[in-house]
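Letter by letter, the chains look like this.
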Amino acid sequence: MKKVITYGTFDLFHKGHYNIIKRAKALGDYLIVGVTSESFDIERGKLNVRDSLIKRIENVRRTGLADEIIIEEYQGQKVSDIIKYDIDVLVVGSDWRGKFDYLKNYCDVVYLERTKNISSTKLRSEGIIFNMGIVTDDIQDNGFVQESKYVSGVHVERVFSETEEVARDFCDKYELDSWWNDYEEFLSDVDIVYIKCRQKDREEYIRKAIEKGKYVISDSPAVLSPDKLRTLFQMARDNHVVLIERLTLVYLRAFNQLVWLVHSNLVGDLVSVKCAISQDDFEGGKPFNETVIHAICVVVKLLGKDCLEVNTNAVTDRNGDFVYDMITMKYKTALATIEIGTTVDVEDELVIIGSNGRVTVPNDWWNTGYFEANIAGKEFLKRYSFNFEGNGFRYLLQELMIMIRDKRTECTRLFYDESVKLMEILETINQKG
Ligand code: C2G
């Protein structure tokens, strides 16, 4: 007897789930379906799961295709199940291609093509699941497609690019439903748009998407002028949608907890915020503006919008190209310094110094689940650690889902006026630099 096993969360059960179970069943004589437990989904960073475990099991049972249903409760259980149930084939969707190859030592691993465009169901019209599209001019997705798989209820189905070839290649690479060269047509069947094209084109795409009533996520900075940003935010308000900038940091549990603790006097009165970042370490190398905006964001979240003065000092090489930058932001009772290594390597770190101690976020502080506090008089470092998976994008998507559900018109993690302030500071830096 040939035994097959497949796994999933099976939240908001849809035809993609049905198809894979059906096709898995056809590969053998006996099918076991593993349904993830709530705690396992939390552990692996799957967010926004709506249905209870019981409901998800019931939906699998009702297909009439599973001979046995088990619960997947921990990392590493697949190996144990394969041995325990004497499994011949493990089946999983092609969106996981390569990820389960390590199981090939134990049984056959078959990746079945994922079902595209599952969003035409009743759940979409009820505002429970959402179609997403991406606007790009290269083949990189900034982790958007993979990260979205960890947020139940959102599906990336469409890609738009001005260059037909890029759109087509992107669609193939990430196994999306369709590619588009006409922006209006692309917009016609998406609810959420992620705009990651080059800076100068972003404004136009954002504006058109908002006008059509779409929620928009844009790489940051969305535009390079505070006035233009204000106008876009007002348009979003008028059209009852949200415009979010991809500053993933503000959606991370660790960063929010850090801000709350620091504002609750953890290290006394704030005296200094120092953050350093090597441009090469930031998402594999991003332009100056995209890098520095994250550092400005940290400072504004910690010290507020009332910055009195911004100064910059840059080192250039013999050709006049930037090598290193030091930006200082003066506040009434505190000072912030931002160190940017453009071509030199600076040690990535965020340090917050207060009258009574110090908080440190080591390494890639813009993408973290960890920080530590050194409090005066305390013998030991206090370490704070939070569940953190992926590149942070999923936490932004999770927050967006909450905003849509609550019909909020503004993000409370980064208010529109805070975003505009970041832009004002960036503008000053660029003028002085
Ligand atoms: N699937 C699919 N087509 C879709 C959506 C999902 O074929 N449009 C497949 C997935 O590839 C997976 C199964 O349906 O094989 C269940 O999907 P999810 O419930 O989203 O579960 P997932 O997070 O993919 O977990 O240990 C769990 C497994 O790793 C799969």
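Residues numbered from 1 in each chain as written. Predicted model: local features only at pLDDT ≥ 70, side-chain atom pairs only at ≥ 80, totals over all residues. Heavy atoms only, no water.

Student: Before we go on, may I ask you to explain the overall build of the protein in this structure?
Tutor: Within the protein, the secondary structure is distributed over 14 helices and 19 strands. Relative to the globule expectation of 22 Å for 433 residues, the C-alpha radius of gyration of the protein, 24 Å, shows essentially globular dimensions. When the backbone C-alpha atoms are referred to their principal axes, the protein occupies close to 75 × 60 × 45 Å. The proportion of buried residues among the 433 residues of the protein is 56%. Counting contacts in the protein only where the partners sit at least 6 residues apart, residues at least 24 apart contribute 65% of the total. Of the accessible surface of the protein, which amounts to about 19,100 Å², a share of 46% is contributed by carbon and sulfur atoms. Of note, the protein has its 57 positive side-chain charges centred 4 Å away from the centre of its 70 negative side-chain charges. (Helix = DSSP H or I, 4+ residues; strand = E, 2+ residues; numbered from the N terminus. Rg over C-alpha atoms; globule rule 2.2 N^0.38 Å. Buried < 20%, exposed > 50% of the residue type's maximum accessible area, 1.4 Å probe, protein only. Contact = heavy atoms within 4.5 Å. Areas by Shrake-Rupley, 256 points an atom, 1.4 Å probe, with all protein chains shown as cover. Lys, Arg positive; Asp, Glu negative; His and termini not counted. Charge placed at Lys NZ, Arg CZ, Asp CG, Glu CD.)

Student: Which parts of the structure should I look at to understand the side chain of Glu157?
Tutor: Turning to its location among the elements, Glu157 is positioned in strand 7 (residues 154–160). Despite being buried, Glu157 has no salt bridge partner; Arg114 is the closest side chain of opposite charge, sitting 4.2 Å away. Polar contacts involving the side chain of Glu157 include one to the main-chain amide nitrogen of Asn117, which spans 2.9 Å. (Salt bridge = Lys/Arg side-chain N within 4 Å of Asp/Glu carboxyl O. Polar contact = N/O pair within 3.5 Å; in protein donor to acceptor, adjacent residues only side chain to side chain.)

Student: Is there a simple way to think about the sheet that holds strand 14 (residues 322–330) in this case?
Tutor: Neighbouring strands of a sheet are bound in pairs by backbone hydrogen bonds; such pairs are parallel or else antiparallel. Strand order across the open sheet formed by 8 strands is 13-14-15-12-16-17-18-19, with mixed pairing between neighbours. Edge positions in the sheet fall to strand 13 (309–316) and strand 19 (382–385), since each has one partner strand and no second. Going from strand to strand, the sheet's axes swing by 15° on average, the running direction of each strand aside. The pairing of strand 18 (residues 370–375) with strand 19 spans 4 bridges and is antiparallel. Across the sheet, the residue bridging to Tyr370 is Ser385, located in strand 19. Strands strand 13 and strand 14 of the sheet are contacted by helix 14 (residues 416–432), whose axis makes an angle of about 45° with strand 13. (Pairing = 2+ DSSP bridges. Axes fitted to C-alpha atoms, helices over the stretch in contact; angles between N-to-C directions.)

Student: Can you walk me through the domain arrangement of the protein in this structure?
Tutor: Domain boundaries assigned for the protein yield domain 1 (3–112), domain 2 (118–247) and domain 3 (253–387). Relative placement of domain 2 and domain 3: their C-alpha centres are 30 Å apart. Taken together, the contacts link 7 residues of domain 2 with 7 residues of domain 3. Taken over both partners, the interface formed by domain 2 and domain 3 buries close to 610 Å², and the fraction arising from carbon and sulfur atoms is 49%. Together, Pro221, Arg246 and Leu247 form the three largest contributors to the area buried by domain 2 at its contact with domain 3, with a combined 59%. Across the domain 2-domain 3 interface, the total number found is 2 salt bridges. The salt bridge partner of Arg246 is Glu283, with a shortest N-O separation of 2.9 Å. For the side of domain 2 that touches domain 3, the residue count by class is 3 nonpolar, 2 polar and 2 charged. (Domains from an automatic or database assignment. Buried area = accessible area lost by both parts, 1.4 Å probe. Nonpolar A, V, L, I, M, F, W, Y, C, P; charged D, E, K, R; others polar.)

Student: Quick question: what am I supposed to make of a negative patch on the surface here?
Tutor: On the surface, Asp280, Asp281, Asp345 and Asp364 cluster together into a negatively charged patch. Relative to the helices and strands, Asp280 is located in the loop between strand 12 (270–278) and helix 12 (288–303). (Patch = residues over 30% accessible without salt bridge, like charges linked within 9 Å, V, L, I, M, F, W, Y side chains within 5 Å.)

Student: Even after reading the chapter, I still don't get the site of the ligand, so can you show me in this structure?
Tutor: With respect to spatial proximity, 20 residues lie near the ligand, and among them Phe10, Lys46, Glu72, Lys78 and Asp95 are the closest. One of the side-chain nitrogen or oxygen atoms of Lys78 is found 2.7 Å away from an oxygen atom of the ligand. Between the ligand and the protein, one listed contact pairs a nitrogen atom with a backbone N or O atom of Thr115 at 2.8 Å. Here the ligand has 620 Å² of accessible area as a free molecule, and 94% of this is covered by the chains. Among the elements that make up the shell around the ligand, the one with the highest residue count is helix 1 (residues 15–25) (3 residues). Of the residues that constitute the shell around the ligand, the class distribution is 7 nonpolar, 7 polar and 6 charged. (Near = heavy atom within 4 Å.)

Student: Help me understand unusual backbone geometry, please; the structure alone is not making it clear to me.
Tutor: Both trends apply: most residues other than glycine have a negative phi, and most peptide bonds are in trans. Residue Pro221 is reached from Ser220 by a cis peptide bond, and omega for that bond is -5°. Among the structural elements, Pro221 can be located in the loop between strand 10 (215–219) and helix 10 (226–238). With a phi close to 65°, Asn48 is a non-glycine residue in the positive phi region. One can find Asn48 in the loop between helix 2 (38–43) and helix 3 (53–61). Its relative accessible area of 13% is what places Asn48 among the buried residues. Residues other than glycine seldom take positive phi values, yet Asn142 does so here, at roughly 55°. Among the secondary structure elements, Asn142 is positioned in the loop between strand 6 (130–135) and helix 6 (144–148).

Student: How should I be thinking about the pairing of strand 16 (residues 349–354) in this particular structure?
Tutor: On any regular strand, side chains alternate: one points to one face of the sheet, the next to the other face. Pairing geometry for strand 12 and strand 16, over 6 bridges, is antiparallel. Looking at strand 16, one finds that Val273 is bridged to Ile352. In terms of strand pairing, strand 16 meets strand 17 (residues 357–362) through 6 bridges, oriented antiparallel. Within strand 17, the residue paired with Ile352 across the bridge is Val359. Linkage of strand 16 to strand 17, two consecutive antiparallel strands, is achieved through a turn of 2 residues.

Student: I tried to follow helix 4 (residues 77–84) on my own but got confused; where do I start?
Tutor: Since the α-helix advances by 3.6 residues per turn, residues separated by three or four positions end up pointing in the same direction. Listed as buried for helix 4 are Gln77, Lys78, Asp81 and Ile82. One side of helix 4 holds all its buried residues, which, seen down the axis, span an arc of 135°. Relative to its buried face, helix 4 has exposed residues pointing more than 90 degrees away, namely Ile83 and Lys84. Where helix 4 is buried, its residues contact strand 1 (3–8), strand 3 (68–72) and strand 4 (89–93). Downstream of helix 4 by a residue or two, Asp86 has a phi angle that is positive, lying close to 55°. (Arc of directions from axis to C-beta.)

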